[in-house]
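# Observations on the model geometry
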Amino acid sequence: VTPYFISPHQSSTLYHGGNYIFKSTNRGDSWKTISPNIAASSVKEKKSFAAGALAESMIEKGLLYTGTDKGAFWVSKNDGQTWEENSAGLANNYIRSICPSRFVKERVYLAMTGINYDDLHSYLYVSEDYGKNWKSINKGLPDEPVNVILEDPTNENILYAGSLLNCRCNFF
């Protein structure tokens, strides 16, 4: 599952993630590599294959975040010119969703899943400093894998988490 998106700041700018992050400024006609190999984490247990999530801040153009399938988290504050790995405090799981805050430039949320490694717990985090420090925010949620986290567009105190809950279907 390769992450990609259209920049919220420029509709002709596209970003695409693999083990590198790519950028196009002409609707995909040509691409430029804008990251180091993000799969080559500085943490042995977080060395991975590719990006699992990729996002740009709605507040600040060029504030990019990406996360890998083994929990390496990267940030670029200058549209991919330089990248910093901020993975300390995160589980070694698949980063499935990254949600930069619409209210606080430094705040970012992420959802991880361990389902690829038979770990069926919930992993949700918030950082108030571009991912340098992480705080778990899964308290009170079912202990089930979470695939997505979103911040409400009008109320910064409301978050939405999408998980895979067990469901039963009764057919009559």
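Look up: the structure comes first, before these words.
With that settled, the discussion passes to the side chain of Ser-76. Counting through the fold element by element, Ser-76 comes out in strand S7 (residues 73-76). Accessibility expressed as a relative area gives 0% for Ser-76, which makes it buried. Among the polar contacts made by the side chain of Ser-76, one reaches the main-chain amide nitrogen of Gly-80 at a distance of 2.7 Å. Those residues within four positions of Ser-76 in sequence are excluded, and the remaining contacts are Gly-62, Leu-63, Leu-64, Gln-81, Thr-82 and Trp-83.

Right, let's talk about the pairing of strand S2 (residues 14-17) for a bit. The pairing of strand S1 (residues 4-6) with S2 spans three bridges and is classified as antiparallel. Counted as the bridge partner of Ile-6 is Leu-14 from S2. Two successive antiparallel strands, S2 and strand S3 (residues 21-24), enclose a turn made up of three residues.

Pairing is antiparallel in the open sheet, where four strands are placed in the order S5-S6-S7-S8. Every other strand in the sheet has two partners, leaving strand S5 (51-56) and strand S8 (84-85) as the edge strands with one partner each. Sheet topology note: the S5/strand S6 (residues 64-68) ladder contains five bridges and is antiparallel. By the bridge assignment for S6, Ala-55 is matched with Tyr-65.

Here the focus is the sheet that holds strand S10 (residues 108-114). Strands pair in a sheet through their backbones, by hydrogen bonds, and they do so in one of two ways: parallel or antiparallel. Strands sit in the order S9-S10-S11-S12 across an open sheet of four strands; the sheet is antiparallel. Looking at which strands have only one partner, the edges of the open sheet turn out to be strand S9 (94-100) and strand S12 (135-136). Inspection of the sheet shows strand S11 (residues 119-127) paired to S12 by two bridges, in the antiparallel sense. Bridging from a neighbouring strand, Val-126 pairs with Lys-135 of S12.

Cut-off values and rules
- Residues numbered from 1 in each chain as written.
- Predicted model: local features only at pLDDT ≥ 70, side-chain atom pairs only at ≥ 80, totals over all residues.
- Heavy atoms only, no water.
- Helix = DSSP H or I, 4+ residues; strand = E, 2+ residues; numbered from the N terminus.
- Buried < 20%, exposed > 50% of the residue type's maximum accessible area, 1.4 Å probe, protein only.
- Polar contact = N/O pair within 3.5 Å; in protein donor to acceptor, adjacent residues only side chain to side chain.
- Contact = heavy atoms within 4.5 Å.
- Pairing = 2+ DSSP bridges.

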